[in-house]
There are 2 protein chains.
Amino acid sequence: MRAIEHCRELAQFTEEPGHITRTFLSPPMRGVHELVGRWMREAGCEVAVDAVGNIRGVYPAARPNAPRLVIGSHLDTVPHAGAFDGILGVTLALELVAALNGRRLHSEIEIVGFSEEEGVRFGTPFIGSRAAVGSLDDDLLHRIAPAVCDFGLDPAAIPDAAWQENVRAYLEFHIEQGPVLESLDLPLGIVTAIAGQTRAEVEFQGHANHGGTTPMHLRHDALAAAAEWILAVEDTARKTEGLVATVGKVCVDPGAANVIPGHVSAVADVRHADDAVRHNAVARILEAASRRVPCTTRILHDQSAVPMDPHLVAMLEHAVCVSGFPVHRMTSGAGHDAMIVARRFPAAMLFLRSPGGISHHPDESVLAGDVTAALAAGAAFLEQWSAHV
Amino acid sequence: MRAIEHCRELAQFTEEPGHITRTFLSPPMRGVHELVGRWMREAGCEVAVDAVGNIRGVYPAARPNAPRLVIGSHLDTVPHAGAFDGILGVTLALELVAALNGRRLHSEIEIVGFSEEEGVRFGTPFIGSRAAVGSLDDDLLHRIAPAVCDFGLDPAAIPDAAWQENVRAYLEFHIEQGPVLESLDLPLGIVTAIAGQTRAEVEFQGHANHGGTTPMHLRHDALAAAAEWILAVEDTARKTEGLVATVGKVCVDPGAANVIPGHVSAVADVRHADDAVRHNAVARILEAASRRVPCTTRILHDQSAVPMDPHLVAMLEHAVCVSGFPVHRMTSGAGHDAMIVARRFPAAMLFLRSPGGISHHPDESVLAGDVTAALAAGAAFLEQWSAHV
């Protein structure tokens, strides 16, 4: 299973021996470029690294000036990562092109390995795909420029990394990074949208008092109020089809065992494929916060859902179906490069089951059978694409 | 109102200008000893500082070898304290003796200002009263010895600080440090017991997962489990007469807004005047913890309730009543020197209303009218004591 072996090979390039940690334009990214570049050339591609560090291999079409399909994902990792998040999307693209064995299609195929998706080095994610759609703002450009120079690239040329009009579609294979496909015993999932996300903070204002001397009926306990709210958030999500809502962060003040909490802040992360459903749920969640003690609420972050291109989604469904696998449509709860690319180009994603739902962890894995399924569906997609482009 | 003015005067002796902070045998305690010693002598007492730093003024009885009543509280403070916690118990004792105006009773009266109650300097509270009952263990003696020497006292003489058999009772006036008397519009409260206390830690073991990619029905959220438990703790306390239970401390791991909490630890502090009621409530509370995810529980601390001496309580009730104030019996939810003294000598406490329930804070206060009430009740108690001793 070469797509998996290639991921394992790339895992050797790391900033921390014994772990997989490879951030934007860090020194080990050179080794990745060398190896991926060699594999691209072996598959018949012409290889270049653009000014933001994306590695791009173009497999020519049967005729000049043909439209282009881009297939890929990212090559950077979180700290102490697994071997497959992002990387597998690049090695799968390589296998699909290699399998053509020199045969030309009616479309160019570009394999892209984005330089940055995780947001680790500069606290801002999707640097590679933002450059591809020409949406890197000046502030971010300014911040990354020294790292770009250090890697031997020219920050002034980053605008040239933007994809041209000949790009007609972007396809990304990615591990699910969640437990849904495993729980349904399915190898593949067709992403119909990347969920919109609201992050909201609630501050509960009670009265701090001595836990031994204040009777229950004279308390204004900010933590008990927060506890009711945490359960209300969960209840709202359970009752709303497709909604996920998480309270992952709680700060209790003063935080002493014998003092009734006077102040608690908590953050809810709410996601859904439909922005209207999400906004409605957020409104109910924030309303539930003020049941017991006064509170203030603040929206920290509100990001719209990004639908995948319906035509590409339909083609992926067909491809999965004719390859003999069950068609399962799903929402991506996490952000991906396809979300950024979709701002300017038709985009689609195919998820591969994540055993144990595990990702961003050394135990992250993928099943060989699922990779075979993804390759079969990808090959069917390419044929269909070539026939209709 | 001299008892209040004296508290304000003593507040000037502090380790931190602008705040009231006076820990065990800290330099400002010398100024306190000088002033309190002068007031004791003016009231007709013979003054000594024992080897653990308790200041003691003995007002003689009408005849030699008479039994002794000790009245007092502590002179140390928490950091950034108010002026009355502990101190008022000493200045009230001074006023009661001064009001005798040289008249001898059938009992000696000792005014005590304990050197340590708050546990700030050595992390162990009640050092002064532990010495008075001869229960300072060797480890604590060893730890405090350098501070004792620095203050010019002799650690080897600490065993001599233990009270003798001639002590027949201990009476402590103290601000309530809670909101009960204020909520009932009462000046005084007669303490019948100091509540027993259990501190229990619960660790909730869920599964940390991505908050965006894990559907609600596949979660094992340790924080939602803890939230249910926090409300169960509150509910148990509300349904159990006289019980207070507080969850004041919660740690969420990993504590990121987009990660379902995998592990949460929380601590409950449970108090009641009746140990059986408390133990029963703790059992129900710990049972409620395991409803949703596996958890482990640990008792960090279990301290029995300390009843006040019934005979002294009855005398205090009588004294309050004949002084024209409503009799209200109550439990002390916080620990006090009287709790330690009660191990060897009959002890009783009279609470004064705390405006706003505020204590351990610069806004801590006491009403002049309530001090007048306490003095009247104290004087009535003394007459009664002298008549029956």
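Computed from a predicted structure; not experimentally measured.

**Section: the pairing of strand 6 (residues 188-194) of chain A**
Side-chain positions along a regular strand alternate between the two faces of the sheet. Residue and element names in this part refer to chain A. Strand 6 sits mainly inside the fold: seven of its seven residues count as buried. The pairing of strand 6 with strand 15 (residues 347-352) spans four bridges and is antiparallel. Residue Gly189 lies in a different strand from strand 15, and its bridge partner there is Phe351. Both strand 6 and strand 14 (residues 329-332) contribute to a ladder of four bridges, which runs parallel. In the strand pairing of strand 14, Ile190 is matched with Arg329. Taken together, the two bridges between strand 6 and strand 13 (residues 306-307) define a ladder with antiparallel strand orientation. Looking at the pairing, Ile194 lines up with Val306 of strand 13.

**A short note on the sheet that holds strand 9 (residues 244-253) of chain B**
Within a beta sheet, neighbouring strands are joined by backbone hydrogen bonds and run either parallel or antiparallel to one another. Residue and element names in this part refer to chain B. Pairing is antiparallel in the open sheet, where four strands are placed in the order 9-11-7-12. Each edge of the sheet is formed by a strand with only one pairing partner; in this case those strands are strand 9 and strand 12 (295-303). The mean inter-strand angle of the sheet, taken between neighbouring strand axes irrespective of direction, is 15 degrees. Strands in contact with helix 8 (residues 275-288) are strand 7 (196-205), strand 9, strand 11 (263-272) and strand 12; relative to strand 7, the strand with the most contacts, it is inclined by about 5 degrees.

**Quick word on the relation of the copies chain B and chain A**
With an RMSD of 0.1 Å, the fit of chain B onto chain A corresponds to turning through 180 degrees and sliding 0.0 Å along the axis. Such values leave the two copies arranged in the relation of a two-fold axis. Every residue of chain B has its C-alpha some distance from the rotation axis, and the shortest such distance is that of Ala227 of chain B, at 2.2 Å. Most of the interface of chain B is mirrored in chain A, where 100% of its interface residues are also at the interface.

**Some points on the pattern of salt bridges**
Residues and elements named next belong to chain A. Under the counting rule described, the total for this entry stands at 40 salt bridges over all chains. Its salt-bridge partner being Arg2, residue Glu95 comes within 3.1 Å of it at the nearest N-O pair. Taken together, the positions of Glu95 in helix 3 (residues 87-100) and Arg2 in helix 1 (residues 2-10) put the pair 93 residues apart, joining distant regions of the chain. On the basis of relative accessible area, Arg2 is assigned to the partly exposed category, the value being 41%. When salt bridges that share partners are traced, they join Asp50, Arg56, Arg68, Glu108 and Glu110 into one network.

**Details of the nonpolar core**
Soluble globular proteins tend to pack their nonpolar side chains together in the buried interior. Leu88, Ile144 and Trp163 of chain A are the most contacted members of the largest nonpolar core, which has 102 residues in total. By size, the runner-up hydrophobic cluster in this structure holds 101 residues, among which are Ile111, Val148, Tyr170 and Leu186 of chain B.

**Some remarks on the sheet that holds strand 11 (residues 263-272) of chain A**
Residues and elements named next belong to chain A. Taken together, the four strands give an open sheet; going across it, the order is 9-11-7-12, and neighbouring strands pair in antiparallel fashion. The sheet terminates laterally at strand 9 (244-253) and strand 12 (295-303), the two strands that pair on one side only. Within the sheet, the average angular offset between the axes of one strand and its neighbour, ignoring direction, is 15 degrees. In this sheet, strand 12 lies alongside strand 7 (residues 196-205) in antiparallel orientation, the contact comprising eight bridges. Bridged to Glu201 within strand 12 is Arg298. Helix-sheet contacts for helix 7 (residues 222-238) involve strand 7, strand 9 and strand 11, and the interaxial angle to strand 9 is about 175 degrees. Strands strand 7, strand 9, strand 11 and strand 12 of the sheet are contacted by helix 8 (residues 275-289), whose axis makes an angle of about 5 degrees with strand 7.

**Regarding the packing of helix 9 (residues 310-322) of chain B against helix 11 (residues 368-388) of chain B**
Residues and elements named next belong to chain B. Where helix 9 contacts helix 11, the two axes come as close as 8 Å, and the packing angle between them is 125 degrees. When the interaxial angle is binned, helix 9 and helix 11 end up oblique. The interaxial crossing formed by helix 9 with helix 11 has right-handed handedness. Side by side, helix 9 and helix 11 meet where Leu312, Met315, Leu316, His318, Ala319, Val320 and Val322 of the first sit next to Ala377, Ala380, Phe381, Gln384 and Trp385 of the second. Residues belonging to the contact of helix 9 with helix 11 are distributed by class as follows: 10 nonpolar, two polar and no charged.

**What to know about the domain arrangement of chain A**
All names here are of chain A. Each assigned domain of chain A is listed here: domain 1 (2-194 + 305-388) and domain 2 (196-303). Taken over C-alpha atoms, the centre of domain 1 sits 37 Å from the centre of domain 2. Across the boundary between the two partners, domain 1 contributes seven residues, which contact seven residues of domain 2. Here domain 1 and domain 2 share an interface that buries about 440 Å² over both sides, 50% of which is from carbon and sulfur atoms. Counting the surface domain 1 buries against domain 2, the share from its top three residues, Ala305, Gly333 and Met339, is 73%. Put simply, domain 1 and domain 2 have zero salt bridges between them. Where domain 1 packs against domain 2, one counts two residue pairs in polar contact (both at pLDDT 80 or more). The class makeup of the residues in the side of domain 1 that touches domain 2 is five nonpolar, two polar and no charged.

Parameters and conventions
Residues numbered from 1 in each chain as written. Chains lettered and ligands numbered in written order. Predicted model: local features only at pLDDT ≥ 70, side-chain atom pairs only at ≥ 80, totals over all residues. Heavy atoms only, no water. Buried < 20%, exposed > 50% of the residue type's maximum accessible area, 1.4 Å probe, protein only. Helix = DSSP H or I, 4+ residues; strand = E, 2+ residues; numbered from the N terminus. Pairing = 2+ DSSP bridges. Axes fitted to C-alpha atoms, helices over the stretch in contact; angles between N-to-C directions. Contact = heavy atoms within 4.5 Å. Least-squares fit on C-alpha atoms with pLDDT ≥ 70 in both. Salt bridge = Lys/Arg side-chain N within 4 Å of Asp/Glu carboxyl O. Core = buried A, V, L, I, M, F, W, Y, C linked by side-chain atoms within 4.5 Å. Parallel < 35°, antiparallel > 145°, perpendicular 65-115°, else oblique. Left-handed = near helix turned anticlockwise from the far one by under 90°. Nonpolar A, V, L, I, M, F, W, Y, C, P; charged D, E, K, R; others polar. Domains from an automatic or database assignment. Buried area = accessible area lost by both parts, 1.4 Å probe. Polar contact = N/O pair within 3.5 Å; in protein donor to acceptor, adjacent residues only side chain to side chain.

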